[in-house]
Protein chains: 2
Amino acid sequence: MYRDQSEEYQALQDTLYVIGGKWRIPIINSICNGNTRFREIERSIPGITRRMLSRELKDMELNKLVKRTVYAGPPVQVEYESTEYCKSFGGIILEMIRWGREHRKVVTKKRNSK
Amino acid sequence: MYRDQSEEYQALQDTLYVIGGKWRIPIINSICNGNTRFREIERSIPGITRRMLSRELKDMELNKLVKRTVYAGPPVQVEYESTEYCKSFGGIILEMIRWGREHRKVVTKKRNSK
């Protein structure tokens with residue numbers, strides 16, 4: 001029993017290590033939804049600052065979560081694409097969206113029944 | 001399109017709001033795995049400090065994620081139990097464990113093929 005828990009715990013921690021932090025999941029979701037430009041991604045995530053998004057995207061590029069392509073132009077264009085690795089988080093994100101929706105239903109029901 | 005993204009984003013944010021932070025998911029997982037005592041939970045999560053665990057448990061009790069029961073004793077015993085609300089995160093946690101395991105396979109394969 002203890003061993004299983006420890007193995008599960010390690011798997012969980014590995015995942016949380018990659019997708020931890022306030023913004024990582026919303027950014028992965030935004031890019032997987034087809035937003036490719038910095039400003040598009042920024043607009044799709046209310047509350048994120050440019051500095052934060054820039055930092056996250058750099059880190060995600062280093063960790064092969066996004067592919068950054070620069071088109072010479074003019075005008076110079078930078079596009080971000082999700083990698084297969086990034087897409088592998090789809091299952092987790094879908095579960096999170098599903099949970100958020102269910103949760104809202106529960107909250108709304110409680111409010112209406114008051 | 002924009003509207004869907006915004007609705008999805010909101011559902012995601014609602015979820016992240018409840019399970020955000022470094023320790024929330026490991027604690028939910030530990031309690032759902034049947035750890036009921038403070039020390040058991042602490043031992044099942046390497047790296048967590050008592051102060052952190054204590055703070056999280058208090059917050060989780062306020063938010064109905066855990067039920068805290070005090071048995072008068074002697075000795076006085078305190079037990080934590082997961083609520084239905086807490087168990088509703090099972091799907092997300094399972095996906096995270098699955099991802100962590102898959103990820104380890106990929107990393108191990110890469111290492112072995114070098």
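Going by what an unreviewed UniProt entry lists, chain A is known as HxlR family transcriptional regulator and is assigned to Pseudobacter ginsenosidimutans.

Caption draft 1: Quick peek at the overall build of chain A. When helices and strands are counted, chain A shows six helices and two strands. In chain A, the succession of helices and strands from N to C terminus is α-α-α-α-β-β-α-α. Its C-alpha atoms give chain A a radius of gyration of 18 Å, clearly above 13 Å, the size a compact globule of 114 residues would have. Referenced to the eigenvectors of the C-alpha coordinate spread, the extents of chain A come out at roughly 55 × 45 × 25 Å. Looking at chain A as a whole, 39% of its 114 residues qualify as buried. Contacts in chain A between residues far apart in sequence, at least 24 positions, make up 44% of those at least 6 positions apart. When the accessible surface of chain A is totalled, it reaches about 7,200 Å², and 52% of it is carbon and sulfur. Charge centroids of chain A, computed over 22 positive and 14 negative side chains, lie 10 Å from each other.

Caption draft 2: Inspection of the pattern of salt bridges at higher detail. Counted under the stated rule, the structure contains 20 salt bridges over all chains. A salt bridge links Asp59(A) to Arg24(A); the nearest nitrogen and oxygen atoms lie 2.7 Å apart. On the criterion of sequence distance, the pair formed by Asp59(A) in helix α4 (residues 50–62) and Arg24(A) in helix α2 (residues 24–32) is long-range, its members being 35 residues apart. Its relative accessible area of 6% is what places Arg24(A) among the buried residues. In this structure, the salt-bridge partner of Glu81(A) is Lys67(A), at a minimum N-O distance of 3.8 Å. Of this pair, Glu81(A) sits in strand β2 (residues 77–82) while Lys67(A) sits in strand β1 (residues 66–71), and the two are 14 residues apart along the sequence. Members of the salt-bridge network, linked through shared partners, are Glu7(A), Asp14(A), Arg101(B) and Arg104(B).

Caption draft 3: Up close: the packing of α2(A) against α4(A). Residue and element names in this part refer to chain A. In contact at an axis separation of 11 Å, α2 and α4 are set at 75° when each is read in the N-to-C sense. Judged by the angle between their axes, α2 and α4 are roughly perpendicular. Of α4, the residues touching α2 (which contributes Arg 24, Ile 27, Ile 28 and Ile 31) are Leu 53, Glu 56, Leu 57, Asp 59 and Met 60.

Caption draft 4: How the structure looks around the environment of Arg104(A). Of note, Arg104(A) is situated in helix α6 (residues 90–112). Residue Arg104(A) is classed as partly exposed on the basis of its relative accessible area of 29%. Counting along the chain gives 97 residues from Arg104(A) to Glu7(A), while the straight-line C-alpha distance between them is 33 Å. For Arg104(A), the residues in contact, after removing those within four places along its chain, are Glu7(B), Gln10(B), Ala11(B) and Asp14(B).

Caption draft 5: A look at the interface of chain B and chain A. Residue-level contacts link 40 residues of chain B with 40 residues of chain A. When chain B packs against chain A, close to 3,600 Å² is buried across both sides, 60% of that on carbon and sulfur atoms. For chain B, the biggest contributors to the area lost against chain A are Tyr9(B), Leu12(B) and Trp99(B); these three give 20% of the whole. At the junction of chain B and chain A, the tally comes to six salt bridges.

Caption draft 6: Structural context of the side chain of Asn35(A). All names here are of chain A. Tracing the chain through its elements places Asn 35 in the loop between α2 and α3 (38–44). By relative accessible area, which is 9% here, Asn 35 ends up buried. For Asn 35, the side chain forms a polar contact with the side chain of Ser 30, separated by 2.9 Å.

Caption draft 7: Main features of the nonpolar core. Core analysis: the largest hydrophobic core is formed by 54 residues, its most contacted members being Ile27(A), Phe89(A), Met96(A), Ile27(B), Phe89(B) and Met96(B). Every element with two or more residues in this core is listed here: α1 (2–19), α2, α4 and α6 of chain A together with α1 (2–19), α2 (24–32), α4 (50–62) and α6 (90–112) of chain B.

About the criteria used
Residues numbered from 1 in each chain as written. Chains lettered and ligands numbered in written order. Predicted model: local features only at pLDDT ≥ 70, side-chain atom pairs only at ≥ 80, totals over all residues. Heavy atoms only, no water. Helix = DSSP H or I, 4+ residues; strand = E, 2+ residues; numbered from the N terminus. Rg over C-alpha atoms; globule rule 2.2 N^0.38 Å. Buried < 20%, exposed > 50% of the residue type's maximum accessible area, 1.4 Å probe, protein only. Contact = heavy atoms within 4.5 Å. Areas by Shrake-Rupley, 256 points an atom, 1.4 Å probe, with all protein chains shown as cover. Lys, Arg positive; Asp, Glu negative; His and termini not counted. Charge placed at Lys NZ, Arg CZ, Asp CG, Glu CD. Salt bridge = Lys/Arg side-chain N within 4 Å of Asp/Glu carboxyl O. Axes fitted to C-alpha atoms, helices over the stretch in contact; angles between N-to-C directions. Parallel < 35°, antiparallel > 145°, perpendicular 65-115°, else oblique. Buried area = accessible area lost by both parts, 1.4 Å probe. Polar contact = N/O pair within 3.5 Å; in protein donor to acceptor, adjacent residues only side chain to side chain. Core = buried A, V, L, I, M, F, W, Y, C linked by side-chain atoms within 4.5 Å.

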